[in-house]
There are 4 protein chains.
Amino acid sequence: MKKLRCGLIGATGLAGQQFVSALKDHPWFELVGLAASPRNAGKPYVEALKAPNGMLGWFLPEELPPAIAKMTVQSGAELKARDFDLVFSAVESDVAKELEPKLARDIPVISAASAFRYEEDVPLLIPPVNADHSKLIETQKKRRDWKGFIVPIPNCTTTGLAVTLAPLESAFGVQAVMMTSLQAVSGAGRSPGVIGLDIIDNVIPHISKEEGKVEIETKKILGGIQSPHAVKVSCTCTRVAVLEGHTEAAFVGLKKKASVQEVAAAMREWKGHEAARSLPTSPKRWIAVSDDPFRPQPRLDRDAEGGMATSVGRIREDGVLENGVKYVLVSHNTKMGAAKGAVLVAELLKQQGIVV
Amino acid sequence: MKKLRCGLIGATGLAGQQFVSALKDHPWFELVGLAASPRNAGKPYVEALKAPNGMLGWFLPEELPPAIAKMTVQSGAELKARDFDLVFSAVESDVAKELEPKLARDIPVISAASAFRYEEDVPLLIPPVNADHSKLIETQKKRRDWKGFIVPIPNCTTTGLAVTLAPLESAFGVQAVMMTSLQAVSGAGRSPGVIGLDIIDNVIPHISKEEGKVEIETKKILGGIQSPHAVKVSCTCTRVAVLEGHTEAAFVGLKKKASVQEVAAAMREWKGHEAARSLPTSPKRWIAVSDDPFRPQPRLDRDAEGGMATSVGRIREDGVLENGVKYVLVSHNTKMGAAKGAVLVAELLKQQGIVV
Amino acid sequence: MKKLRCGLIGATGLAGQQFVSALKDHPWFELVGLAASPRNAGKPYVEALKAPNGMLGWFLPEELPPAIAKMTVQSGAELKARDFDLVFSAVESDVAKELEPKLARDIPVISAASAFRYEEDVPLLIPPVNADHSKLIETQKKRRDWKGFIVPIPNCTTTGLAVTLAPLESAFGVQAVMMTSLQAVSGAGRSPGVIGLDIIDNVIPHISKEEGKVEIETKKILGGIQSPHAVKVSCTCTRVAVLEGHTEAAFVGLKKKASVQEVAAAMREWKGHEAARSLPTSPKRWIAVSDDPFRPQPRLDRDAEGGMATSVGRIREDGVLENGVKYVLVSHNTKMGAAKGAVLVAELLKQQGIVV
Amino acid sequence: MKKLRCGLIGATGLAGQQFVSALKDHPWFELVGLAASPRNAGKPYVEALKAPNGMLGWFLPEELPPAIAKMTVQSGAELKARDFDLVFSAVESDVAKELEPKLARDIPVISAASAFRYEEDVPLLIPPVNADHSKLIETQKKRRDWKGFIVPIPNCTTTGLAVTLAPLESAFGVQAVMMTSLQAVSGAGRSPGVIGLDIIDNVIPHISKEEGKVEIETKKILGGIQSPHAVKVSCTCTRVAVLEGHTEAAFVGLKKKASVQEVAAAMREWKGHEAARSLPTSPKRWIAVSDDPFRPQPRLDRDAEGGMATSVGRIREDGVLENGVKYVLVSHNTKMGAAKGAVLVAELLKQQGIVV
């Protein structure tokens, strides 16, 4: 099978590097174009990464793939849609607003940016949860008169929560969610990211706009194709001294009473949407439930199933919400919640014949 | 005024060291006796602290007071009640169970241990919140036929929560509380405490028995002298890489609707119980409310007012609970939540004429 | 006594805030003017600190002094020398290069910036070590035809090392120094500082230009007024996950053989230059020597004597250097090594009649 | 090929778990017996790991291999030598002293414990550095009249240093080494390990006995089979807030002057002892030299080549030692420096026909 030719915009940032890693040796996709800001255009990728102080600027523990290192970086504005079958986007939201629609006129854009997440004709896809929302793409293309389209992934904090709510919704119905997150610093990227002075021996009790994103996105993802779910969602989002892996303490009010065992079983047995079950990046199980009262922990559980499984533990009754249960989850914010999650979406769309 | 003669049991542990610090230069109390395990009996305090590997074993940044350094440590069992007007207890719960009642036969025991917290005739005192619960001491003395008594302080995680609920209870009534804590490692002490391997780049999503303690204690403290409050409480307690200062994300359902401004005002203006307002260890204000959306932070706010104020920020509406509000608090777990909080209780009881 | 009127340039940055704190309630100096970048000119200090996202921007655990909060910030270029008796400088090096000479034409400038440290007619003062280097100021004023002058403090990493070398130099002579530093993140400030992603669970083995600074400055400080000391210095400077307090592992070759006990005694008994002994900011002792093999530790020792003492421990023989000894030191990089150290220099110069 | 039957003593501790991981799917060795303390004898491994508080007690991010989970744990004293072709030892030094010689009477023991490291007839093997020291095993067997033998691996801090000194020794000769280590907390294990209270926002400037071990072991490893090398070694060993990967700042005096380029080339081109080049656990290169002035960093470099390569950077001239060079290295203390390093030794001995 011939691989699809993929472009990547925002290639030099941390999110972009994670896409490079997620696409390495991919069976269906091949990275054939890298774009970044104009000042880096024309340079080999490895040179574009370099900082003025000599820092090489590749921030992942795995080696920069040599073939990618040599690829010439283009400026985003120069990218020719005809050179690609689809484009992954790792740019900041303001750049996304300009660049993504330009590309979407001709080709599919799978984006980690939030710029288009809240538009009515834009689906917010987590393949195991709402693979059928991809139907909205047809509407989007028509309404905008585009040959391509934009599909963003949700905020990384939404992803883990929505994955764990999906089996509860289908088994018992979900009517209320209260969540406190303990988020990893990688979620803030590197420019400027979270500074050490602010996070060592500390908690930052606020992440700008994050709570609103989680509340709106959860309803959109759990809802119908164009009608948000009626679930009430209330969050407090905090930042802790963790590198990767968001931890979330969830309290969920169900529509139907369910025991702790039933909740655990619903999560354990959940297979997710059929279309998402055997994609190249799909894990064996979407949710890993632990009986150890001290799990999940971000350091030990974030990489479960290559960072694609959401780990759940501490399932208990909650005495405040109606039919309340509570649990703790860990989701890898820069894998399932970012680049690998976006690649999974692209895989789904290819499987569904929407990306060709 | 002659100072009251105080003993300290559990003097060599971290909690004991914090009592030594809290009592330094106290205007009403003087530390005249130190007790620890029998293997340290007969040694000067500074020697009893020393570890076999040469470590001096005094773990506070301030200097060990030289007069205390020289005091001879006794074994807890040897302590003579007649040498003291009251005793502070920093021992582990199992030791407390034996030693505290023995001392309480003759003298007051103010304890940081949990051993007696849940007995019906034992008040759980936070002076600004429920100073009148000290009336229960009379009942305790009669029922047990003791000349002294035991008054424990609550769990350090309960304290910050209860302090912030008190003004809400008195202004609006409180009917439901959901709380996720991000607790400091100092809460676990040093033996063995939380190991670095478990907490660096990590969150531990469970603290044994902590959630049950907070749920029961909150009801007892906010309730009548012998009747727990009907408030529903549900918690998830986690440990994060913070040295001192527990952060708690609280979601509170009020009896009466209140705006964010009204909630902030209720906390800002709250003066606490009259008897607790001008004790030597009382802060100028019990609650410090911040408008900075990024506060409170444990590192910047734990030491507000000498660690005796609870810092609150991020007061917002909550859309899930009836008349819901949410906020974040930081409370110093080893000051207001431990030794200094216990000293405050002793001050209250002296002020009330119960300790003489 | 009338206090000297002090200005502060670079007032809004972290270093500037530390000057505000160091000058609070100072017996000799009064902060009467604050300068920052032009975009903040005209605002009250508390407003100038605020970030666009609502963050209050005061980063010290102690409260912002209310009187300072209200002071109107000027732009650096507007400052009138006649309004001040001296100016403290907390600006970045490139700003210092322009602004400091302009002010020094008329008034003394005590600077934390590195811009003028390496000029021949500029002394690098650590009051207990080389108080007599202030004689160079006369030369500077003449040569530059200034009424004022510039005196910078050394790099924070140099300070702790030089303080511990001074008693060794005077007792035994020092001929070689090898040093590996484990530096705190506060040394890099906040813009951008060291990001959490780079320092959690990590060490950064390089700090740009730092090693060269320490090597040159140590020679200048230990040397004669205009002739650097002949000591050989070789460093490796690293960054670790510590908020405040630089730790340095020093290996020193002495001119004369000395035992561990003699080295410890030389440090313990060292009183520093007479002129520096009883300044308002002077500690009781410049060096605190510990026998605990596990000290000094930055968290426990950085605040010794208000952050003005250098803590030393682990004094041992070294078998490689001629007459080698080795030890570990901790010095507070943002107190003795920055704002409070600069205030100490101003105190010295006032004591010496150079600042009036 | 039939795999050799391996036993593992100390199987439940953190070091033991790392052996379980290192031996998973090994092409030459098969783990067929697990031993731990008598209280765990008779339990399946997964049960022996469990803590009384419900914690599962498997501390590696990768899953516990299901086949190992089910194996029945024996007490160390019960182990029958005849059931094994060799035994790996992950016990504490005091247990090693008793148990290892008992086993060595009949079979080879490859040990991570320090108990026998300093005996004259015991080689300290790092396969690429001194594979020929295995000749000493014959002497050991004869002198002690054993059918088996004991071969310990060096202290994890020695390993990285010795690997980087080896190419310098062979190219230029090494006469003096000064080293300051910044060691990871995993080196201290879990019982009790380094507590969070001691290492968050801190450095511990001492590790009991570590410096002496590194000094003696370095000479033994770089020396002849029974004659330690004459190199002078002086160390300061510290602990920092890093999970895995020891960082070491080395200053080395060479016998022959060499430029920075020559030193880098010597390390880059070094292939190590021929016998060690293509063992199953051998990395492609023993030393990875970086030009990035900000590398090596423990978080980014510890896992280079599966944790078996030592990463080196910041090679510079040193102006104090004769023919001095300095550099920073990172070595994975629980892979190359522990279990995987011990497996590599076993592979070498099998390759050499000593283990059969």
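Scroll up a little and you will see the structure.
About the thresholds
Residues numbered from 1 in each chain as written. Chains lettered and ligands numbered in written order. Predicted model: local features only at pLDDT ≥ 70, side-chain atom pairs only at ≥ 80, totals over all residues. Heavy atoms only, no water. Helix = DSSP H or I, 4+ residues; strand = E, 2+ residues; numbered from the N terminus. Rg over C-alpha atoms; globule rule 2.2 N^0.38 Å. Buried < 20%, exposed > 50% of the residue type's maximum accessible area, 1.4 Å probe, protein only. Contact = heavy atoms within 4.5 Å. Areas by Shrake-Rupley, 256 points an atom, 1.4 Å probe, with all protein chains shown as cover. Least-squares fit on C-alpha atoms with pLDDT ≥ 70 in both. Phe/Tyr/Trp six-rings, centres within 6.5 Å; stacked < 30°, edge-to-face > 60°. Lys NZ or Arg CZ within 6 Å of the ring centre and 35° of its normal. Pairing = 2+ DSSP bridges. Axes fitted to C-alpha atoms, helices over the stretch in contact; angles between N-to-C directions. Salt bridge = Lys/Arg side-chain N within 4 Å of Asp/Glu carboxyl O. Polar contact = N/O pair within 3.5 Å; in protein donor to acceptor, adjacent residues only side chain to side chain. Nonpolar A, V, L, I, M, F, W, Y, C, P; charged D, E, K, R; others polar. Right-handed = clockwise from strand over helix to strand, strands pointing away. Left-handed = near helix turned anticlockwise from the far one by under 90°. Core = buried A, V, L, I, M, F, W, Y, C linked by side-chain atoms within 4.5 Å. Buried area = accessible area lost by both parts, 1.4 Å probe. Parallel < 35°, antiparallel > 145°, perpendicular 65-115°, else oblique.

Turning our eyes to something else, we now look at the overall build of chain A. Across its full length, chain A carries twelve helices and twelve strands. For 356 residues, the compact-globule estimate of 2.2 N^0.38 gives 21 Å, and chain A sits close to it at 20 Å. Each principal axis of the C-alpha atoms in chain A carries an extent, and together these give about 60 × 50 × 35 Å. The 356 residues of chain A split such that 66% are buried. Pairs at least 24 residues apart make up 76% of the contacts formed inside chain A by residues separated by at least 6 positions. A total of about 12,600 Å² of accessible surface is found on chain A, and carbon and sulfur atoms cover 49% of it.

This brings us to the relation of the copies chain B and chain D. Structural alignment of chain B on chain D gives an RMSD of 0.0 Å, achieved by rotating through 180° and translating 0.0 Å along the axis. Here the two chains are linked by the operation of a two-fold rotation axis.

Our focus in this paragraph is the relation of the copies chain A and chain B. After a rotation of 180° and a shift along the axis of 0.0 Å, chain A superposes on chain B with an RMSD of 0.0 Å. Taken as a fraction of all interface residues of chain A, those also at the interface in chain B reach 100%, which identifies the copy contact as same-surface.

This part covers the packing of aromatic side chains. Taken as a whole and assessed by the stated rule, the structure comprises twelve aromatic pairs over all chains. Between the aromatic rings of Phe29(B) and Phe88(B), the centroid separation amounts to 6.1 Å while the plane-to-plane angle is 75°, which identifies the pairing as edge-to-face. With Phe29(B) in strand 2 (residues 29-36) and Phe88(B) in strand 4 (residues 86-89), the pair connects residues that are 59 residues apart, well separated along the chain. Accessibility expressed as a relative area gives 0% for Phe88(B), which makes it buried. Here a set of aromatic residues connected by ring pairs shows up, and it is made of Phe19(A), Trp28(A), Phe29(A) and Phe88(A). Sitting over the face of the ring of Trp28(A), Lys350(A) holds its NZ or CZ atom 5.5 Å from the ring centroid.

All names here are of chain A. As summarised here, the arrangement of the six strands in space is 3-2-1-4-5-6, forming an open sheet in which the pairing is parallel. The open sheet has two edge strands with one neighbour each: strand 3 (73-75) and strand 6 (149-152). Direction aside, the axes of adjacent strands within the sheet are offset by 30° on average. Direction of pairing for strand 2 (residues 29-36) relative to strand 3: parallel, over a ladder of three bridges. In the sheet register, Ala35 faces strand 3, and the bridge partner there is Gln74.

Below, the discussion takes up the interface of chain A and chain B. Each partner contributes to the interface: chain A provides 48 residues, whereas chain B provides 48 residues. Linking chain A with chain B are eight salt bridges. On the surface where chain A and chain B come into contact, there are 29 residue pairs in polar contact (both at pLDDT 80 or more). Those elements that place two or more of their residues in the side of chain A that touches chain B are strand 7 (174-183), helix 9 (210-222), strand 8 (232-239), strand 9 (246-254), helix 11 (298-301), strand 11 (310-318) and strand 12 (324-331) of chain A. If you tally residues by element for the side of chain A that touches chain B, the top one is strand 8 of chain A, at seven residues. When the residues that make up the side of chain A that touches chain B are grouped by side-chain class, the tally is 26 nonpolar, ten polar and twelve charged.

We now examine the pairing of strand 1 (residues 4-9) of chain A. Remark: a regular strand shows side chains that alternate across the two faces of the sheet. All names here are of chain A. Taking burial as the measure, the six residues of strand 1 include five buried ones, the bulk of the element. Examined bridge by bridge, strand 1 and strand 2 share six bridges and lie parallel to one another. Residue Leu4 lies in a different strand from strand 2, and its bridge partner there is Phe29. The handedness of the strand 1 to strand 2 crossover, carried by helix 1 (residues 14-23), is right-handed. Note: strand 1 against strand 4 (residues 86-89), four bridges, orientation parallel. If you follow Leu8 over to strand 4, its bridge partner there is Phe88.

Residues and elements named next belong to chain B. The N-to-C vectors of helix 7 (residues 156-171) and helix 9 (residues 210-222) enclose an angle of 35°; their axes lie 9 Å apart at closest approach. Between helix 7 and helix 9 lies a crossing whose hand is right-handed. For the pair helix 7 and helix 9, the contacting residues are Thr157, Thr158, Leu161, Ala162, Leu165 and Ala166 in the first and Glu210, Lys213, Val214, Glu217, Thr218, Ile221 and Leu222 in the second. Taken together, the residues that form the contact of helix 7 with helix 9 break down as seven nonpolar, three polar and three charged.

Moving on to the environment of Glu47(D). Mapped onto the elements, Glu47(D) comes out in helix 2 (residues 45-49). Once the C-alpha coordinates of Glu47(D) and Met71(D) are considered, the two residues, 24 residues apart in sequence, prove to be 10.0 Å apart.

Quick look at unusual backbone geometry now. Phi is mostly negative for residues that are not glycine, and the peptide bonds are mostly trans. The omega torsion across Arg295(A) and Pro296(A) is 5°, close enough to zero to call that bond cis. On the secondary structure map, Pro296(A) appears in the loop between strand 10 (287-289) and helix 11. Phi at Arg314(A) takes a positive value of approximately 55°, unusual for a residue other than glycine. Among the secondary structure elements, Arg314(A) is positioned in strand 11. Accessibility expressed as a relative area gives 9% for Arg314(A), which makes it buried. One non-glycine residue, Asp145(C), lies in positive phi territory at about 55°. In this structure, Asp145(C) sits in the loop between helix 6 (136-144) and strand 6 (149-152). Classification of Asp145(C) by relative accessible area gives exposed; the value is 67%.

Moving on: the nonpolar core. One finds Phe88(A), Phe88(B), Phe88(C) and Phe88(D) to be the most contacted residues of the largest nonpolar core, which totals 392 residues. Excluding residues within four positions of it along the chain, Phe88(D) makes contact with Cys6(D), Gly7(D), Leu8(D), Ile9(D), Phe19(D), Leu23(D), Phe29(D), Ile110(D), Ala342(D), Val343(D) and Ala346(D).

Facing 19 residues of chain B, the contacting portion of chain D comprises 19 residues. Both sides together, the interface formed by chain B and chain D hides about 1,500 Å², and carbon and sulfur atoms give 68% of it. Area buried by chain B at its contact with chain D is led by Leu197(B), Ile200(B) and Leu243(B), which between them contribute 41% of it. Our enumeration of links across chain B and chain D arrives at two salt bridges. Across the salt bridge formed by Arg190(B) and Asp198(D), the nearest N and O atoms sit 2.7 Å from each other. In this structure, the connection of chain B to chain D is made through four residue pairs in polar contact (both at pLDDT 80 or more).

Here we take up the side chain of Asn130(A). All names here are of chain A. With respect to the element layout, Asn130 can be found in helix 5 (residues 127-130). Of note is the side chain of Asn130, whose polar atom sits 2.8 Å from the backbone oxygen of Leu124. When residues no more than four places from it in sequence are discounted, the contact partners of Asn130 are Leu124, Leu125 and Ile221.

Residues and elements named next belong to chain A. Interhelical geometry of helix 7 (residues 156-171) versus helix 10 (residues 260-269) gives an angle of 115° and a closest axis separation of 9 Å. Relative to helix 10, the element helix 7 lies roughly perpendicular. Handedness of the crossing formed by helix 7 with helix 10: right-handed. From helix 7, Thr164, Pro167, Leu168 and Ala171 reach across to helix 10, where they touch Val263, Ala266 and Met267. Tallied by class, residues from the contact of helix 7 with helix 10 come to six nonpolar, one polar and no charged.

The next thing to look at is the sheet that holds strand 10 of chain A. Residue and element names in this part refer to chain A. With mixed pairing, six strands are arranged side by side in an open sheet as 8-7-9-12-11-10. Each edge of the open sheet carries a strand with a single partner, namely strand 8 and strand 10. Adjacent strand axes in the sheet meet at a mean angle of 25° when their direction is disregarded. Seen against the sheet, helix 7 touches strand 7, strand 9, strand 10, strand 11 and strand 12 and runs at an angle of roughly 145° to strand 7. In this fold helix 9 packs onto strand 7 and strand 8, with an angle of close to 145° to the strand it touches most, strand 8.

As a further point, take the pattern of salt bridges. Between side chains of opposite charge, a pair can form as their charged atoms come close. Residue and element names in this part refer to chain A. Evaluated as defined, the whole model comprises 61 salt bridges over all chains. Notably, a salt bridge pairs Asp301 with Arg295, separated by 2.8 Å at the nearest N-O pair. With respect to burial, Asp301 and Arg295 carry one shared label: buried. Each of Glu119, Asp121 and Arg144 takes part in salt bridges that share partners, so that together they form one network.

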